[in-house]
Every structure is written in C-alpha cells, then in structure tokens.
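Listed below are the residues making up each chain.
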Amino acid sequence: MKADDEREFREFVAARSRSLLHTTYLLTGDWEQARDLLQTALASTARRWSRLRDRQQPETYVRRVIYHAQIDRFRLLSWGKETVTDTLPDPPTQAADWADTVVQRHDIMTALRQLPKRQRAVIVLRYFEDLPDAEIAEILGIAQGTVRSQTHKALASLRAAFAETGSSSMASPSPASGRSTGA
C-alpha cells in the first residue's frame, strides 16, 4: 500500500471504527464477535483500499463487507447447530427501577437476535445507523423495495416479540417518517 493510501486508510479507521464497531455489535450481539467481524472487514478493505472507486464513500464499502462477512460467518457457525424446542424461554422477571434500561436493552438485543440476518441488518442500518433506504439497498445489494418489505416484516416480528413479553421497550414508528422513536 502506498504511503498516501495508508495514511488515508488510517484516518478513515480512526474516524469511523467506533461507529462501525457499534454496527457490528448490533449485528452479532456479542462484543468479541463484533470486534472480530470489524477487524475482518477492515483487513479486507485495507487490501482493496487503493482500488476503491469512490474514495469519498469508503464506509459504504466497509458496511457491505461487514454484512457479507456476518452472513458467511453465520452460515459457518450455525450449520448443524440449530436446536428446535416447543417451549419459549421464561420472560424476564420484573427488574428494579434502576435496571430498567439494562432490561430494555437486553430485550431489544434478544429480539434482534431472533430476526433473520437480512431483517436484522435492515433494522440496524435504518434505525441504529439512520441510513436511507437507497444506501441500505446499496450496502446489502438488494432493491429498495426489498429494504422496505424486510423492514416491515422485521418490525412486525419485533412488535410481536415485545407483545409476548409485555415489554414496552420499543415505541412504534412515527407516522411522518416511518422511523422508530425508540430503540
């Protein structure tokens, strides 16, 4: 890698790695897996840095690499490890007032983990990263209509999950923007 390219890449990593780490955490649900996923994505990006066509938008490329690496990792790790059960886990017990935030965060992460990978990615990119449909579609390599339908399905699943547990952790989307006011 040329010195200028390396400097640009290091500046990009310094500026965006914290945000990207939060995204990978939301996708994986585990900080260690998130760090590994981000490191894998950044290593892949570093190898291709000098060939990136749009040097003004490297984050889109990195997010695409993150998403595809997560899907590949999920396929490898989950093959043959699925356990079917006819009973759902017990809902969490009522927590003390000071722990409500922790419980809500846990409920949200649990509900996110239950979503299919593409739906989880759409929800993370839209509501946690606040990206528009067009950018989400570009990152995931799908049509904008698919982004909207996956969002609709994911929100329905999340609402159903929160209705089952009686949790109010997730507010409904605001009618004007279609964006969630909670989570």
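Details of the structure are given in the entry above.
About the thresholds
Residue numbering note: each chain is counted from 1, following its sequence as written. Reporting of local features is limited, given that this is a predicted model, to residues whose pLDDT is at least 70; pairs of side-chain atoms are given and counted only at 80 or more, and all residues count toward the totals for whole chains, interfaces and linings. Based on all heavy atoms of the structure, the side-chain values leave hydrogens and waters out of the count. The term salt bridge refers to a side-chain nitrogen of Lys or Arg lying within 4 Å of a carboxyl oxygen of Asp or Glu. A run of H or I in DSSP counts as a helix once it spans at least four residues, and a run of E counts as a strand once it spans at least two, with each numbered from the N terminus. When accessible area is computed with a 1.4 Å probe and restricted to protein chains, residues below 20% of their type maximum are described as buried, those above 50% as exposed, and intermediate ones as partly exposed. We call two N or O atoms a polar contact when they sit within 3.5 Å, provided that within protein one can donate a hydrogen and the other can accept it, with sequence-adjacent residues counted only if both atoms are side-chain atoms. Contact definition: two residues touch when any of their heavy atoms are within 4.5 Å. Detection works on a 1 Å grid of protein atoms alone, calling trapped sets that fit a 1.4 Å probe cavities and calling open sets with protein on both sides within 12 Å along at least five of seven lines pockets, with lining residues defined by an atom within 4 Å of a point. Grid points are joined across faces, edges and corners, and a volume is the space filled by probe spheres set on the points. Polarity classes work like this: nonpolar for Ala, Val, Leu, Ile, Met, Phe, Trp, Tyr, Cys and Pro, charged for Asp, Glu, Lys and Arg, and polar for all others, with Gly in that last group.

Caption draft 1: Quick look at the pattern of salt bridges. Applying the stated criterion across every chain, the model contains nine salt bridges. Among the salt bridges present, the one from E11 reaches R7, with a minimum N-O distance of 3.3 Å. In this pair, E11 and R7 both sit in helix α1 (residues 3-28), four residues apart, roughly one turn of the helix. Here E11 falls in the partly exposed class, since its relative accessible area comes to 45%. As a salt-bridge pair, E32 and R35 come within 2.9 Å of each other at their nearest N and O atoms. Taken together, the residues E32 and R35, both in helix α2 (residues 31-48) and three residues apart, mark about one turn of the helix. Here the residues in one salt-bridge network are R16, E59, R63 and E129, joined through shared partners.

Caption draft 2: Structural context of the side chain of S19. Topologically, S19 is positioned in helix α1. Polar side-chain contacts of S19 include one of 3.1 Å to the side chain of R16. Non-local contacts of S19, meaning those with residues more than four positions away in its chain, are made with R63 and E129.

Caption draft 3: Fine view of empty space enclosed by the protein. Per the counting criterion, the structure on display carries two cavities of 30 Å³ or more. Its volume calculated, the second largest cavity comes out at about 50 Å³. When contributions to the lining of the second largest cavity are tallied by element, the ones reaching two or more residues are α1, α3 (58-78), α5 (117-128) and α6 (133-140). The greatest single-element share of the lining of the second largest cavity, amounting to three residues, is contributed by α3. Its residues placed into classes, the lining of the second largest cavity shows seven nonpolar, one polar and one charged.

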